[in-house]
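Here is how the chains run, residue by residue.
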Amino acid sequence: MIASPTPTTTGPARAVRKAVVPAAGLGTRFLPATKATPKEMLPVVDKPAIQYVVEEAAAAGLDDVLMITGRHKRAIEDHFDNALELEQTLAAKGDTVRLDAIRDPARLAAVHHIRQGEPLGLGHAVLCARRHVGDQPFAVLLGDDLIGPRETLLSRMLDVQGRHGGSVVALMEVPEDQIHLYGCAAVAPSGEDGVVRVTGLVEKPAPERAPSRYAVIGRYVLDPAVFGVLERTPPGRGGEIQLTDALQELAADGTVHGVVFDGPRYDTGDKGEYLRTVVRLACERPDLGPAFTSWLKEFVAGLEDTGGRSVTRDSEDPLAA
Ligand code: G1P
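The sections below set out a description of the structure shown in this document. On a predicted model such as this, the values are computed, not experimentally measured, just so you know. (Residues numbered from 1 in each chain as written. Predicted model: local features only at pLDDT ≥ 70, side-chain atom pairs only at ≥ 80, totals over all residues. Heavy atoms only, no water.)

### Digging into the overall build of the chain
Where we set the bar: Where helices and strands are cited, they refer to DSSP runs of H or I of at least four residues and of E of at least two residues respectively, numbered from the N terminus. Atoms counted for the radius of gyration: C-alpha only. Globule rule: 2.2 Å times residue count to the power 0.38. Here's how the labels work: a residue is buried when its accessible area is under 20% of the maximum for its type, exposed when over 50%, partly exposed in between, all with a 1.4 Å probe on protein chains only. Contacts are assigned to residue pairs that have any heavy atoms within 4.5 Å of one another. We get accessible surface area from the Shrake-Rupley algorithm with a probe of 1.4 Å; when it comes to residues, only the shown protein chains can shield them. Neither His nor the chain termini are counted; the positive set is Lys and Arg, and the negative set is Asp and Glu. By convention, the point assigned to a charge is CZ for Arg, NZ for Lys, CD for Glu and CG for Asp.
Counting secondary structure elements, the chain contains 11 helices and 13 strands. For the chain, whose C-alpha radius of gyration is 20 Å, the value lies close to the compact-globule estimate of 20 Å for 321 residues. Projected onto its principal axes, the C-alpha coordinates of the chain cover approximately 55 × 50 × 40 Å. Every one of the 321 residues in the chain was classed for burial, and the buried ones make up 44%. A separation of at least 24 residues holds for 75% of the contacts in the chain among residues at least 6 apart in sequence. If you sum the accessible surface of the chain, you get close to 16,400 Å²; carbon and sulfur atoms cover 52% of it. Distance between charge centroids for the chain: 3 Å, based on 35 positive and 45 negative side chains.

This is the structure we're talking about:
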């Protein structure tokens, strides 16, 4: 494991202002909850998952967010817009706490929306951002991946991009039997703690073909050169245009770095992980955490008293997708 450095706050002025958030997926793993509600709007404690992602972008100084959506995603647009009627009702009641809470999403960043039109893959979704992004480097944040709210991963990635140029991916070491779920990076030392040179990338390799245990997690800072590559990237794994395949071409040119992350990352796209995310973040909340944690301890002790009958092994976990 490559040690993570202390985050730097110095460095050259950043050119990156724009974040792209692909959010066009159908959310089939969460049906029927996602029949009429976008999966990105499922609550994690009391905020929709997608709000954490926009908060992370805003915290890293990205004040322009482009959502790549699809049909049935209007709730996302409404969430990042003003809700005048609701605001007036709360204002009339003097409920300033809730008033702030509903105003916050629209204040975080200028949030734009375009539709992908056809579900042709993550690479195609990113290509849809071309006109909006222009010729500046930009960040991509995948809505299913939540990064611990106190982490500075994206800022570190922006610093690395500012110093080296090119593109930067976030990497996390995962067990060998999980690498087939991710894009996987072949890496070489960069001479800097927590930063590697990415020499190759492969989308969801079989374990025996994986060049490392470094998984690409859903944060990228991309050189706009990726658009030209994506335009001619043929469908890859799953018949979809893969961002990983386009980045492989850039990696072969030696222009991709990886920032190694070992902090908390939550995959809210999976039912079991989604539930674990809600529990973990609820425990960390100063307002809810203390009472919820005591209840949780009692609840778990109660399960243990019953001989663990309600505690299933992973292989029997009915929530595992
Ligand atoms: C996508 C990317 C994959 C990456 C993963 C991170 O896959 O294609 O390279 O490792 O996100 O979450 P998905 O999970 O959308 O299938």
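### Here we look at the packing of aromatic side chains
Both the distance between ring centres and the angle between the ring planes are used here to describe each pair of aromatic rings. The criterion, for reference: Classification of ring pairs rests on two measures: the distance between centres of Phe, Tyr or Trp rings, Trp counted by its six-membered ring, which must be within 6.5 Å, and the angle between planes, read as stacked under 30 degrees, edge-to-face over 60 and tilted in between. By the criterion adopted, a ring carries a charge over it if an Arg CZ or a Lys NZ lies within 6 Å of its centre and within 35 degrees of its normal.
Considering all chains together, one arrives at 4 aromatic pairs under this definition. Taken together, a centroid distance of 5.1 Å and an interplanar angle of 5° make the contact between Phe138 and Phe227 stacked. Here Phe227 lies in helix α8 (residues 225-231) and Phe138 lies in strand β6 (residues 138-141), a separation of 89 residues in the sequence. Residue classification places Phe227 among the buried positions, given a relative accessible area of 1%. Put simply, the rings of Phe292, Trp295 and Phe299 touch in pairs and so form one group of aromatic residues. Lying across the ring of Tyr52, Lys47 places its NZ or CZ 4.6 Å from the centre.

### Remarks on the nonpolar core
Using the following cut-off: In this description, a nonpolar core means a group of buried Ala, Val, Leu, Ile, Met, Phe, Trp, Tyr and Cys residues linked to one another through side-chain atoms lying within 4.5 Å.
Counting 42 residues, the largest nonpolar core has Leu62, Val65, Met67, Leu141, Leu153, Leu154 and Met157 as its most contacted members. With 6 residues, the top contributor of residues to this core is helix α1 (residues 49-59). When near neighbours in sequence (up to four residues on either side) are disregarded, Leu141 contacts Ala19, Val20, Val21, Pro22, Val53, Glu56, Ala57, Leu154, Gly218 and Arg219. Counting 32 residues, the second largest nonpolar core, distinct from the first, contains Leu66, Ile241, Leu243 and Leu250.

### A word on the site of the ligand
Filter applied, for reference: For this description, a residue counts as near a given molecule or strand if any of its non-hydrogen atoms is within 4 Å of it. Counting of polar contacts relies on pairs of N or O atoms within 3.5 Å, with two restrictions inside protein: one atom must be capable of donating a hydrogen and the other of accepting it, and residues adjacent in sequence are counted only when both atoms are side-chain atoms. Under the scheme applied here, ten amino acids are nonpolar (Ala, Val, Leu, Ile, Met, Phe, Trp, Tyr, Cys and Pro), four are charged (Asp, Glu, Lys and Arg), and all others, including Gly, are polar.
All residues in the neighbourhood of the ligand are listed as Leu122, Leu142, Asp145, Tyr182, Gly183, Glu203, Lys204, Val216, Gly218, Gln242, Thr244 and Arg265. The separation between an oxygen atom of the ligand and a polar main-chain atom of Val216 is 2.5 Å. At a separation of 3.4 Å, an oxygen atom of the ligand approaches a polar side-chain atom of Arg265. Coverage of the ligand by the protein chains reaches 74% of its 370 Å² of free accessible surface. Its residues assigned to classes, the shell around the ligand shows 4 nonpolar, 4 polar and 4 charged.

### So, the pairing of strand β12 (residues 256-260)
Our working rule: DSSP bridges decide pairing: two strands pair if at least two such bridges lie between them.
Most of β12 is tucked away, with 5 of its 5 residues classed as buried. Neither face of β12 is open: one carries Val256, Gly258 and Val260, the other His257 and Val259, and all of them are buried. Across 5 bridges, strand β8 (residues 167-173) lies against β12 in parallel orientation. Note on β12: the bridge partner recorded for Ser167 is Val256. Here strand β10 (residues 195-203) pairs with β12 via 3 bridges, running antiparallel. If you follow Val195 over to β12, its bridge partner there is Val259.

### Things to note about the side chain of Ser212
Relative to the helices and strands, Ser212 resides in the loop between β10 and β11 (214-222). Residue Ser212 is classed as buried on the basis of its relative accessible area, which comes to 16%. There is a polar contact of 2.8 Å between the side chain of Ser212 and the backbone nitrogen of Tyr214. Sequence-distant contacts of Ser212, defined by excluding residues within four places in its chain, comprise Ile179, Cys184 and Ala185.

### Some remarks on unusual backbone geometry
Of note, the amide linkage connecting Leu31 to Pro32 takes the cis form, showing an omega dihedral of 5°. Within the secondary structure, Pro32 is located in the loop between β1 (18-22) and β2 (43-44). The backbone phi angle of Val45 is positive, close to 65°, even though this residue is not glycine. Looking at the secondary structure, you find Val45 in the loop between β2 and β3 (47-48).

### Overview of the pattern of salt bridges
Convention followed: We define a salt bridge as a side-chain nitrogen of Lys or Arg found within 4 Å of a carboxyl oxygen belonging to Asp or Glu.
Scanning the model with the defined rule gives 19 salt bridges in all. Taking the shortest distance from any N to any O, the salt bridge between Arg107 and Asp104 comes out at 3.4 Å. Here Arg107 pairs with Asp104, and both are found in helix α4 (residues 96-108), just 3 residues apart, close to one helical turn. Given the relative accessible area of 35%, Asp104 is considered partly exposed. Taking the shortest distance from any N to any O, the salt bridge between Arg213 and Glu173 comes out at 3.6 Å. Pair noted here: Arg213 is in the loop between β10 and β11 and Glu173 is in strand β8, with a separation of 40 residues, a long-range link. On the basis of relative accessible area, Arg213 is assigned to the partly exposed category, the value being 38%. What makes Glu173 partly exposed here is its relative accessible area of 25%.

### Thoughts on a nonpolar patch on the surface
Quick reminder of the rule: Patch membership is restricted to residues that have no salt bridge and whose relative accessible area is over 30%. Joining uses 9 Å for like charges and 5 Å for the nonpolar side chains Val, Leu, Ile, Met, Phe, Trp and Tyr.
The grouping of Trp295, Phe299 and Val300 at the surface amounts to a nonpolar patch, some 290 Å² of accessible area in total. Mapping Phe299 onto the fold places it in helix α11 (residues 289-305).

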